[in-house]
Amino acid sequence: KSKKGCALMQYLLIHREEVVPYYDLYEVLWPNEESANPESALKTLVSRMRVILNKCNKDLGECILTARGAYQWNENFKCSVDLIEFERLCNAVKNQSSLTQQTRTMFSAALALYRGDLLSNCPQEGWIITRSVTLHNLYIKTAYQYLDLLKDAEDYDEIIRVCRMALEIDAFDERLHLTLMDTLVKTKRNN
């Protein structure tokens, strides 16, 4: 119902481990706008969102906590956020130097979670663009690392699969194209 309300929820979920000062939230939700009382505008928005959330599910409005001069996501409300899981998996494999079945599963899961630009159906605010670029770079870095480990293991079929999947995300990445072509030649799939 409310674009600002949706943006509030998205921001709090993405920054769910942080206490977000009200002035930061105001700047995110009303960029380049002046208000005589920004804290009041934000309080009104949070109050409206709590009412809407409580209509969806009893006590769901309690997912937004009020702290002194700030708001945050209530950690007691468990939810799954794909970008948080993606970052967790990427961090779990970033120092891997060999492939095991477990690391293969983690690499595959991480790469499968990434679907492209963050909140691509929303207006591209500065905070979304910055986070989106960071996530894209993490995806490419993780794909490169996995491909290097797959090359060492000479797992050519998986290299081809990962390259093709990653090229759907970043069709202009030279390293992915070269790795794919090199692997196709090695496996005599020249056509």
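Coordinates for the structure precede this section.
Structure report, in brief.

1. Side note on the environment of Phe107
Take Phe107: it is sitting in helix H5 (residues 101–113). Separated by 70 residues in the primary sequence, Phe107 and Asn37 have C-alpha atoms spaced 47 Å apart. If near-sequence neighbours (up to four positions away) are discounted, Phe107 is found in contact with Val93, Leu99, Thr142, Gln145, Tyr146 and Leu149.

2. With respect to the side chain of Arg131
Looking at the element boundaries, Arg131 is found in helix H6 (residues 126–152). Using a relative accessible area of 18% as the deciding quantity, one classes Arg131 as buried. Excluding its chain neighbours within four sequence positions, the residues that come into contact with Arg131 are Ile14, His15, Leu83, Glu87 and Leu118.

3. Some points on the sheet that holds strand S2 (residues 64–67)
The three strands lie next to each other as S1-S3-S2, forming an open sheet whose pairing is antiparallel. With one partner strand each, in any of the chains shown, strand S1 (20–21) and S2 form the two edges of the open sheet. Two strands pair when backbone bridges link them, and S1 and strand S3 (residues 70–73) are joined in this way by two bridges, in the antiparallel orientation. Residue Pro21 lies in a different strand from S3, and its bridge partner there is Ala70. Most of the contacts of helix H1 (residues 3–14) go to S3, to which it runs at about 70 degrees, and overall it touches S1, S2 and S3. Along the sheet, helix H3 (residues 38–56) makes contact with S2 and S3, crossing S2 at roughly 150 degrees.

4. A closer look at the pairing of S2
In the sheet, S2 pairs with S3 via four bridges, with the strands oriented antiparallel. Among the inter-strand pairings, Ile64 is bridged to a residue of S3, identified as Trp73. Counting the residues between successive antiparallel strands, the hairpin from S2 to S3 contains two residues, one of them, Gly69, with a positive phi of roughly 70 degrees.

5. Some points on the packing of H5 against H6
Closest axis-to-axis distance for the H5/H6 pair is 10 Å, and the angle between their directions is 145 degrees. Regarding H5 and H6, the two cross each other, and that crossing is left-handed. Residues Arg104, Phe107, Ser108 and Leu111 of H5 form the contact with H6, whose participating residues are Tyr139, Thr142, Ala143, Gln145, Tyr146, Leu149 and Leu150.

6. A few points about the side chain of Asp170
Within the fold, Asp170 resides in the loop between helix H7 (156–169) and helix H8 (174–186). Once you skip the residues sitting within four places of it in the chain, Asp170 turns out to touch His136, Ile140 and Leu176.

7. Focus: the state of the cysteines
Any covalent bond linking the sulfur atoms of two cysteines counts as a disulfide. A complete count under the given rule lists zero disulfides for this structure. Cys163 forms no disulfide, and the closest cysteine sulfur to it belongs to Cys90, at a distance of 16 Å. Overall, Cys163 belongs to the buried group, its relative accessible area being 0%.

Parameters and conventions
- Residues numbered from 1 in each chain as written.
- Predicted model: local features only at pLDDT ≥ 70, side-chain atom pairs only at ≥ 80, totals over all residues.
- Heavy atoms only, no water.
- Helix = DSSP H or I, 4+ residues; strand = E, 2+ residues; numbered from the N terminus.
- Contact = heavy atoms within 4.5 Å.
- Buried < 20%, exposed > 50% of the residue type's maximum accessible area, 1.4 Å probe, protein only.
- Pairing = 2+ DSSP bridges.
- Axes fitted to C-alpha atoms, helices over the stretch in contact; angles between N-to-C directions.
- Left-handed = near helix turned anticlockwise from the far one by under 90°.
- Disulfide = S-S within 2.5 Å.

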